[in-house]
Amino acid sequence: MRIGVVDSGVGGFSVLAELYKMMPAEHYFYLSDQENAPYGNKETSFLKERLHLLTQELLKEKVDLIVVACHTATAEAIESLRANFEIPFVGIEPYLNVLNQRQSPNEDYVVLVTETTARSKRFLDLKGRLDPTSLINIFACKKLASLIESYFHDEMTKGDFEVELKAELELIHNLKLSQPSLSSAILGCTHYPLVMRQIEAATGLKTLFPGEAIARRTKERLLSLFAYSAPIDSSTNGFSYRRKVTDPWQHRPWNYLQKVSLIG
Ligand code: DGL
């Protein structure tokens, strides 16, 4: 099957990696919107317009389903996408369902999101529904996604990146010191799992990310919509990638994703 994956930049690779692990024989088209990254400080109308355009680009490749591998875009645009296009979409939302698996009543969480996600109606509704007594702290990261973007594209050294990441997450680190029951950070932006080990080192928290659940959901949708049956033994040797909409499609081997800690 042909599966489109979209994000502002490289964050969706954290979802693509899980899709590949679960369904290695599909043809993936990864389209990012580098010219407009980050999405995390953009307005709703702008994001809707961009996501409509990215969808139209992917439809030219005759994809069967699109994974919106971006929390910010899901929060701001998925309803509009579903209302305007017939193709099925799978989105991603911060993993607040973790509360259902809480091991002890003394375990607290913080969810890390972009500024746009933090103020979006969809996220605040979800938070109200799943966490009515506010057990989960919300922390909006101002520039973490941009830092990860620069780091991935070798525009900053590992050392500089880790210094900046630490500064960005200093408040969380301090919160952990004053609130020992704080156990985990829910990664509510697809860029963040790419550096989950560095986030864990900087904050002293475990990290949680629903990438595998999104891959499972995608597979279920393919099964129910297209009577899809996964090929057994073939694995594609890479994926199609456009870093921005004006670029041509390029082939990338799967080990391209090993640049990040999630799969490295
Ligand atoms: N990776 C995206 C998300 O999950 C967007 C980050 C950004 O571009 O600010 O929210």
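Anything mentioned here points back to the structure above.
Each residue is numbered by its place in its chain's sequence as written, counting from 1. Given that this is a predicted model, residues contribute local features only at a pLDDT of at least 70 and side-chain atom pairs are listed and counted only at 80 or more, while totals for whole chains, interfaces and linings are drawn from all residues. Here the side-chain values reflect all heavy atoms present in the structure, with hydrogen atoms and water set aside.

Student: An account of the sheet that holds strand 5 (residues 108-114) is needed here, citing residue identities and associated values.
Tutor: Pairing is parallel in the open sheet, where 4 strands are placed in the order 6-5-7-8. Of all the strands in the sheet, the pair left with one neighbour each is strand 6 (136-141) and strand 8 (206-208). Direction aside, the axes of adjacent strands within the sheet are offset by 30° on average. Pairing between strand 5 and strand 6: 6 bridges, direction parallel. The partner of leucine 112 across the bridge, within strand 6, is phenylalanine 139. We call two strands paired when DSSP finds no fewer than two bridges between them. Starting at the N terminus, helices and strands are each numbered in turn, a helix being any DSSP run of H or I of at least four residues and a strand any DSSP run of E of at least two. Convention adopted: a line fitted to C-alpha atoms gives each axis, helices being fitted over their contacting stretch, and angles between N-to-C directions are expressed from 0 to 180 degrees.

Student: I'd like a description of the site of the ligand, backed by residues and values.
Tutor: When at least one non-hydrogen atom of a residue lies within 4 Å of a molecule or strand, that residue is treated as near it. What surrounds the ligand is a group of 13 residues, the closest being Ser8, Tyr39, Gly40, Thr72 and His191. Any pair of N or O atoms that falls within 3.5 Å is considered a polar contact. Within protein, one atom must be able to donate a hydrogen and the other to accept it, and sequence-neighbouring residues count only if both atoms are side-chain atoms. At 2.6 Å from an oxygen atom of the ligand is found a side-chain nitrogen or oxygen belonging to serine 8. Measuring from an oxygen atom of the ligand, one finds a backbone N or O atom of glycine 40 at 2.8 Å. Compared with its free state, where it exposes 300 Å², the ligand has 99% of that area covered by protein. Using a 2 Å cut-off from the grid points, one finds that the ligand occupies the second largest pocket. Per-residue and other accessible areas were derived by the Shrake-Rupley procedure at a 1.4 Å probe size, with only the shown protein chains allowed to occlude residues. Buried and open spaces are told apart on a 1 Å grid over the protein atoms alone, a cavity being a set of points where a 1.4 Å probe fits but cannot get out and a pocket being an open set with protein on both sides within 12 Å along at least five of seven lines. Residues with an atom within 4 Å of a point are the lining residues. Each molecule is checked against the cavity or pocket grid, and it sits inside if more than half of its atoms lie within 2 Å of the grid points.

Student: Could you give an account of the sheet that holds strand 9 (residues 239-242), naming the residues involved and the relevant values?
Tutor: With mixed pairing, 6 strands are arranged side by side in an open sheet as 4-3-1-2-9-10. Bordering the open sheet on either side are strand 4 (89-90) and strand 10 (250-252), each of which pairs with just one other strand. Pairing of strand 1 (residues 2-7) with strand 2 (residues 27-32), which is carried by 6 bridges, proceeds in the parallel orientation. Bridging across to strand 2, valine 5 finds its partner in tyrosine 30. Residue contacts are counted whenever heavy atoms from the two residues lie within 4.5 Å of one another. Of the strands in this sheet, strand 1, strand 2, strand 3 (65-68) and strand 9 are in contact with helix 1 (residues 13-22), which crosses strand 2 at around 175°.

Student: Account for helix 10 (residues 211-226), with residues named and values stated.
Tutor: End to end, helix 10 covers 22 Å across 16 residues, agreeing with the expected 22 Å (1.5 Å per residue, within 8%). Throughout, exposure labels follow a simple rule: accessible area from a 1.4 Å probe, protein chains only, divided by the maximum for the residue type, with under 20% read as buried, over 50% as exposed, and the rest as partly exposed. Turning to helix 10, its buried residues are Gly211, Ile214, Ala215, Thr218 and Leu222. The buried residues of helix 10 occupy an angular sector of 100° when the element is viewed end-on, so they sit on one face. The elements touched by buried residues of helix 10 are strand 1, helix 1, strand 3 and strand 4. One or two steps after helix 10, the chain reaches alanine 227, where phi turns positive at roughly 50°. Expected span, for any helix, means 1.5 Å times one less than how many residues it has. Working note: the arc is built from the helix axis to C-beta atom directions.

Student: Describe the packing of aromatic side chains, with residues and values.
Tutor: Pairing of aromatic rings covers Phe, Tyr and the six-membered ring of Trp, with a centre-to-centre limit of 6.5 Å; geometry is then stacked below 30 degrees between planes, edge-to-face above 60, and tilted otherwise. For the structure shown, the criterion picks out 15 aromatic pairs. Ring geometry for phenylalanine 239 versus tryptophan 254: centroids 5.2 Å apart, planes at 40°, classification tilted. Note that phenylalanine 239 is positioned in strand 9 and tryptophan 254 in the segment after strand 10, a separation of 15 residues in sequence. Residue classification places phenylalanine 239 among the buried positions, given a relative accessible area of 1%. Here, a charge over a ring is recorded when the distance from Lys NZ or Arg CZ to the ring centre is within 6 Å and its angle to the ring normal is within 35 degrees. In this structure, arginine 252 packs its charged tip against the face of tyrosine 256, placed 4.8 Å from the ring centre.

Student: A description of the side chain of threonine 72 should follow, citing residues and the corresponding values.
Tutor: Mapped onto the secondary structure, threonine 72 falls in helix 3 (residues 71-84). With residues up to four places along the chain from it excluded, the contact list for threonine 72 reads Tyr39, Gly40, Leu47, Thr114, Thr116 and Thr117.

Student: Describe the layout of surface pockets, naming the residues involved and giving the relevant values.
Tutor: Grid points are joined across faces, edges and corners, and a volume is the space filled by probe spheres set on the points. Within this model, the largest pocket holds a volume of roughly 430 Å³. Lining the largest pocket are 20 residues; nearest its centre among them are Gly91, Ile92, Glu93, Ile214 and Arg217. At the level of secondary structure, the elements contributing two or more residues to the lining of the largest pocket comprise helix 3, strand 4, helix 5 (121-130) and helix 10. A per-element tally of the lining of the largest pocket places helix 10 first, with 5 residues. Roughly 200 Å³ of volume is contained in the second largest pocket. Among the elements that line the lining of the second largest pocket, the one with the most residues is helix 6 (residues 144-152), at 4 residues.

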